[in-house]
Amino acid sequence: MLDDTRSFTGEKNAGPNRNSARGFEVIDAIKTRIEAACNNTVSCADILALAARNGVVLAPAGPDYVKEDDKIYAEVLSFKRILEACNSANGQLSPNFYATTCSNLQTIVLDVMRQTVNREPRMGASILRLFFHDCFVQGCDGSILLDDTGSFTGEKNAQPNSNSVRGYEVIDAIKTRVETACNNTVSCADILALAARDGVLGGQSWQVQLGRRDSITASLSGADSDLPSPFADLPTLISMFAAKGLTAQDMTVLSGGHAIGFSQCLLFRTRIYNETNIDPAFATARRANCPFSGGDTNLGPFDNTPNRFDNNYYQNLVAQRGLLHSDQVLFNNGSQDATVRTYSTNAAAFLQDFGAAMVKMGNIGPLTGTNGEIRRSCRVINS
Ligand code: HEM
């Protein structure tokens with residue numbers, strides 16, 4: 001595609017090309033738009049490769065011409081695909097990443113999550129937590145989904161995950177359906193990001209950014225060190241979220257994930273037996289299913305509507321009914337009191353801020369471009 005110059009002789013005037021090869025200005029037009037979108041990123045060679053395919057695929061069968069509309073459409077389609085690729089190369093996610101390559105993706109994920117939550121309401125909460133635990137270790141890269149093997153140690157047996165995180169088989173089921181619809185296209189990390197939203201609010205809420213790729217590594221030690229403990233105090237929580245680029249306010253609104261789901265007794269026992277900043281009636285109620293000794297795995301709900309994503313969590317904090325120590329520190333005469341109070345009286349503000357903070361959390365360290373891979377099975381790295 002290089003022009004001749006005084007000091008340079010290109011290929012345009014070679015015998016097979018002169019007065020014969022055409023379309024240079026189409027590639028120029030695409031290049032101009034690509035440069036506006038992602039400066040200095042996409043090669044002319046790649047643009048030509050995509051445009052060549054799209055021009056052919058879109059040509060009507062039969063007569064040997066391409067209608068003007070089709071040409072334009074082909075150009076737009078090339079542009080869209082290249083834009084996806086270059087967004088990804090720039091490390092940016094986009095809500096339309098699979099619009100042309102797996103247009104049914106969102107419907108499939110929503111469908112499976114609806115069926116799953118109908119069958120087992122708690123699973124929405126479990127998948128939300130799975131996503132949080134993915135994002136906080138190496139970024140949102142599906143690393144938590146990898147099984148241990150003889151030669152590979154993953155994150156599933158890290159202390160915060162073992163006998164605690166659940167829902168892996170739901171992600172497998174979604175992946176199977178997505179692979180049938182669009183083979184080798186959608187990452188497990190993106191499936192998890194969509195499922196986390198759909199399990200909570202049925203897809204109505206925030207727009208999930210897409211384009212993550214899957215890791216080819218996992219980090220047991222990262223899971224042990226980077227995931228917050230239910231016994232942590234406020235400064236520790238704030239600094240652990242800050243280490244992931246999230247503010248104290250993000251931390252407080254994301255803790256609203258505890259509007260749904262359950263905790264095992266061993267993780268809140270000291271709170272209900274030893275702490276003083278707790279409503280006595282609440283402590284008594286939770287003790288009924290969490291004895292002083294034994295019953296470690298008995299479940300207690302975070303609030304009295306564990307299947308409904310509402311602002312009860314914050315109302316409970318104001319009433320000293322936080323279940324975990326790490327919940328109540330958000331409202332204990334500290335820097336987050338005002339935010340907790342706001343969300344306790346304004347459910348709409350909570351829902352809106354929660355969506356924005358989920359998008360922010362979903363942006364932690366994604367693998368994009370040619371980093372990582374699209375795993376065929378979410379449990380193992382491609383061989
Ligand atoms: C602020 C620091 C956090 C700490 C210390 C923490 C700790 C915990 C603990 C100990 C449990 C119970 C686990 C078990 O019983 O095995 C739990 C459950 C849960 N967490 Fe968190 N969490 C935090 C933040 C978050 C965030 C940011 C989200 C999501 C945005 C989240 C979502 C959930 C959900 C939905 C459950 C219930 C899971 C189920 O029922 O299966 N948590 N969390």
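None of these values were measured; they are calculated from a predicted model.

Right, let's talk about the overall build of the chain for a bit. Within the chain, the secondary structure is distributed over 16 helices and two strands. Across the 383 residues of the chain, 38% fall into the buried class. Across the chain, the fraction of contacts at a sequence separation of at least 24, relative to all contacts at a separation of at least 6, is 72%.

The subject of this paragraph is the nonpolar core. If you look at soluble globular proteins, the nonpolar side chains tend to sit buried side by side. Counting 74 residues, the largest nonpolar core has Val109, Phe131, Ile171, Ile174, Ile191, Leu192 and Ala195 as its most contacted members. Per element, the largest residue contribution to this core is nine residues, and it comes from helix α7 (residues 188-201). Each of domain 2 (105-226) and domain 3 (246-362) gives at least three residues to this core. Residues contacting Ile174, with those up to four places away along its chain left out, are Ile108, Val109, Val112, Ile191 and Ala195. Ranked by size, the runner-up nonpolar core spans five residues in total, among them Ile34, Val42, Ile47 and Ala51.

As a structural note, the neighbourhood of the ligand is formed by 26 residues, with Ser126, Ser164, Leu254, Gly257 and Gly261 the closest of them. Residue assignment for the shell around the ligand shows that the elements contributing at least two residues are α5 (123-135), α10 (248-254) and β1 (262-264). At five residues, the largest contribution of residues to the shell around the ligand is made by α5. Residue composition of the shell around the ligand, by class: 13 nonpolar, ten polar and three charged.

Close contact between helix α4 (residues 105-119) and helix α6 (residues 168-181) brings their axes to 10 Å; oriented N to C, the two are set at 145°. When the axes of α4 and α6 are compared, the crossing they make is right-handed. Judged by residue contacts, Leu105, Ile108, Val109, Val112 and Thr116 of α4 engage Val170, Ala173, Ile174, Arg177, Val178 and Ala181 from α6. Of the residues contributing to the contact of α4 with α6, the split by class is nine nonpolar, one polar and one charged.

Sequence positions flagged by UniProt for "active site" (unreviewed entry) are, in local numbering, His133. You can see His133 is positioned in helix α5. His133 sits in the buried class, given 21 other C-beta atoms within 10 Å. Non-local contacts of His133, meaning those with residues more than four positions away in its chain, are made with Ile144, Pro160, Asn161, Val165 and Leu227.

Right, let's get into the environment of Lys360. The residue Lys360 is located in helix α16 (residues 347-362) in this model. Its 18 C-beta neighbours within 10 Å are what place Lys360 among the partly exposed residues. A C-alpha to C-alpha distance of 8.6 Å links Lys360 and Asp250, two positions 110 residues apart in sequence.

As annotated by UniProt and renumbered to match this structure, "binding site: substrate" (unreviewed entry) occupies Pro228. Along the chain, the position of Pro228 falls in the loop between α8 (220-226) and α9 (234-242). Here Pro228 falls in the partly exposed class, since 17 other C-beta atoms lie within 10 Å of it.

Before going further, it helps to examine the packing of α4 against α7. Contact geometry for α4 and α7: axes closest at 9 Å, N-to-C directions at 50°. Considered as vectors, α4 and α7 are oriented oblique to each other. For the pair α4 and α7, the crossing hand works out as right-handed. Where α4 abuts α7, its residues Gln106, Val109, Leu110, Met113 and Val117 lie against Ile191, Leu194, Ala195, Asp198 and Gly199. Within the contact of α4 with α7, the residues separate by chemical class into seven nonpolar, two polar and one charged.

Phi at Gln138 takes a positive value of approximately 65°, unusual for a residue other than glycine. Turning to its location among the elements, Gln138 is positioned in the loop between α5 and α6. Given 21 C-beta atoms within 10 Å, Gln138 falls into the buried group.

Cut-off values and rules
- The written sequence of each chain sets the order in which its residues are numbered from 1.
- Only residues with pLDDT of at least 70 are given local features in this predicted model, and only at 80 or more are side-chain atom pairs given and counted; all residues enter the totals for whole chains, interfaces and linings.
- Segments assigned H or I by DSSP are reported as helices when at least four residues long, segments assigned E as strands when at least two residues long, and all are numbered from the N terminus.
- Counting other C-beta atoms within 10 Å of a residue's C-beta gives its exposure: the residue is buried at 20 or more, exposed at 12 or fewer, and partly exposed in between, where C-beta atoms are placed from the backbone.
- Any pair of residues counts as being in contact when their C-beta atoms, constructed from backbone geometry, are within 7 Å of one another.
- We define a nonpolar core as a collection of buried residues of the types Ala, Val, Leu, Ile, Met, Phe, Trp, Tyr and Cys that are connected via C-beta atoms lying within 7 Å of each other.
- What counts as a domain boundary in this text is fixed by an automatic or database domain assignment.
- Each residue receives a C-beta atom built from its backbone; the residue is near a molecule or strand if that atom lies within 6 Å of it.
- Residues are grouped as follows: Ala, Val, Leu, Ile, Met, Phe, Trp, Tyr, Cys and Pro are nonpolar; Asp, Glu, Lys and Arg are charged; all remaining types, including Gly, are polar.
- Only the stretch in contact is used when fitting a helix axis, every axis being a line fitted to C-alpha atoms; angles between N-to-C directions are given from 0 to 180 degrees.
- By convention, the crossing between two helices is left-handed when the near helix turns anticlockwise from the far helix through less than a right angle, and right-handed when the turn is clockwise.
- UniProt positions are given in the numbering used here, feature names are shortened, and annotations may be inferred rather than shown by experiment.
- Working definition: roughly parallel below 35 degrees, roughly antiparallel above 145 degrees, roughly perpendicular at 65 to 115 degrees, and oblique for all remaining angles.

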